[in-house]
Structure formats: structure tokens, C-alpha cells
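Descriptive analysis of the structure
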Amino acid sequence: MKNNIFSKIINNEIKVKIIYKDKYVTAFNDINPKSPIHIIIIPNIYIKNLNYIIKDNIIILGRMLFIASKLAKKYKINKSGYRVVINCNKNAGQKINYLHLHILGGCYLGDIIN
Ligand code: AMP
């Protein structure tokens, strides 16, 4: 966990431009953006992925989504549209073992469900 890149961001061992932080979550731009707007939101406490969520974490999950909607508005992608993604484990392509939410927007993202 100590070598985890998002843990290092939370612990200030890796410097990134924090675009939002509160008691529960931290947000920053993705280093390798897949769309014009690509923001990552992580909890301030370590959670490996959605499989490790416990009832006490519900407020954090709610906060992640709430802040996603606030940042979408701040970055003016709320009207054009955006996608929120949480990858969990190998088949979803989760590469960093620290729960994180992607906000993607600023262009047409294509259909992934239908
Ligand atoms: P995932 O595939 O869901 O695990 O996504 C991990 C994301 O973290 C990828 O989109 C990476 O580009 C992003 N990422 C990796 N290292 C950093 C970093 N130092 N700062 C910001 N984003 C990062």
C-alpha cells in the first residue's frame, strides 16, 4: 500500500495539483487524460477497490459522486455530458489498487453500454 501511487499523493510524497479536497475525498487531473477533461477522485483513506467497501464507507462513496457532479459543473461539462467510471479489478482494467473514480468529458465519449 505504501508504494501505491494514490497513497503517495494522499501522503504528499508525490506532488500533484489538487483541484479539490475536503474531509473525505481528494481530486486531481489524470496524468494521462483519455478525454479533454479527465479528473480522478479518491477517498482520503485507503480502500483497495469497490470489493472492500464496508457500510461505514457509504458516506465516502456518496461524497465521491457528489463531488463528481460539482466538478462536472465547475469544468462546464455538466450540460454537454460526462461519464463517471470506477474500475474494479482486472477485467475492468483497474491498474491502481486504490479506489478511484474517473470523470471523463469534454468530447463525445462513445457508447460503452449499448
Ligand atoms: P485505472 O485504470 O482505473 O486503475 O486508472 C488509473 C488512472 O490513474 C489512469 O487513468 C492513469 O492515467 C492515472 N494515473 C496514474 N498515475 C497518476 C498520477 N501520478 N497522477 C494522476 N493520475 C495518474
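You'll find the structure just up there.
Residue numbers restart at each chain and count upward from 1, following the sequence in its written direction. The predicted nature of this model means local features are confined to residues of pLDDT at least 70 and side-chain atom pairs, given and counted, to a pLDDT of 80 or more, with totals for whole chains, interfaces and linings taken over all residues. Processing note: side-chain calculations cover all non-hydrogen atoms of the structure and skip hydrogens and water entirely.

Before going further, it helps to examine the pattern of salt bridges. When a carboxyl oxygen of Asp or Glu is within 4 Å of a side-chain nitrogen of Lys or Arg, the pair counts as a salt bridge. Using the criterion set out here, one finds two salt bridges in the structure. Two residues, Asp22 and Arg63, come together in a salt bridge whose shortest N-O distance is 2.7 Å. Remark: Arg63 occurs in helix 2 (residues 58-74) and Asp22 occurs in the loop between strand 1 (18-21) and strand 2 (25-29); sequence separation between them is 41 residues. With relative accessibility at 17%, the residue Asp22 sits in the buried group. Whether a residue is buried, partly exposed or exposed follows from its accessible area with a 1.4 Å probe, protein chains only, as a fraction of its type maximum: under 20%, in between, or over 50%, in that order. Assessed through its relative accessible area of 25%, Arg63 is described here as partly exposed. One salt bridge connects Lys34 with Asp30, and the closest N-O pair in it is separated by 3.9 Å. Looking at Asp30, the relative accessible area reads 14%, which means it is buried. For helices the rule is a DSSP run of H or I covering at least 4 residues; for strands it is a run of E covering at least 2, with both sets numbered from the N terminus onward.

Reading across from one edge, 1-2-3-5-4 is the order of the five strands in this open sheet, with antiparallel pairing throughout. Of all strands in the sheet, those with a lone pairing partner are strand 1 and strand 4 (82-85), marking the two edges. Pairs of neighbouring strands in the sheet enclose a mean axial angle of 20°, with direction left out of account. In terms of strand pairing, strand 4 meets strand 5 (residues 101-105) through four bridges, oriented antiparallel. What sits directly across from Val85, in strand 5, is His102. For two strands to be treated as a pair, DSSP must find no fewer than two bridges joining them. Here the axes come from fitting lines to C-alpha atoms, over the contacting stretch only for helices, and the angles between their N-to-C directions go from 0 to 180 degrees.

Its location among the elements puts Ile47 in the loop between strand 3 (37-43) and helix 2. Placed ten residues apart in sequence, Ile47 and Asn57 show a C-alpha to C-alpha distance of 9.1 Å. Those residues in contact with Ile47, other than ones at most four positions away along the chain, are Tyr52, Ile53, Asn57, Tyr98 and Leu99. Contacts: residue pairs with any heavy atoms within 4.5 Å of one another.

Time to look at the layout of surface pockets. Approximately 540 Å³ is the volume attributed to the largest pocket. Note on definitions: the grid is 1 Å and covers protein atoms alone; a cavity is a set of points where a 1.4 Å probe fits but cannot get out; a pocket is an open set with protein on both sides within 12 Å along at least five of seven lines; lining residues have an atom within 4 Å of a point. As for the largest pocket, its lining consists of 25 residues, and the residues nearest its centre are Phe6, Asp30, Lys34, Ile40 and His102. Residue contributions to the lining of the largest pocket peak at three residues, all from helix 1 (residues 5-10). Here the lining of the largest pocket is built from residues that sort into 14 nonpolar, seven polar and four charged. Grid points are joined across faces, edges and corners, and a volume is the space filled by probe spheres set on the points. Following the grouping adopted for this structure description, the nonpolar residues are Ala, Val, Leu, Ile, Met, Phe, Trp, Tyr, Cys and Pro, the charged ones are Asp, Glu, Lys and Arg, and the polar ones are all others, Gly among them.

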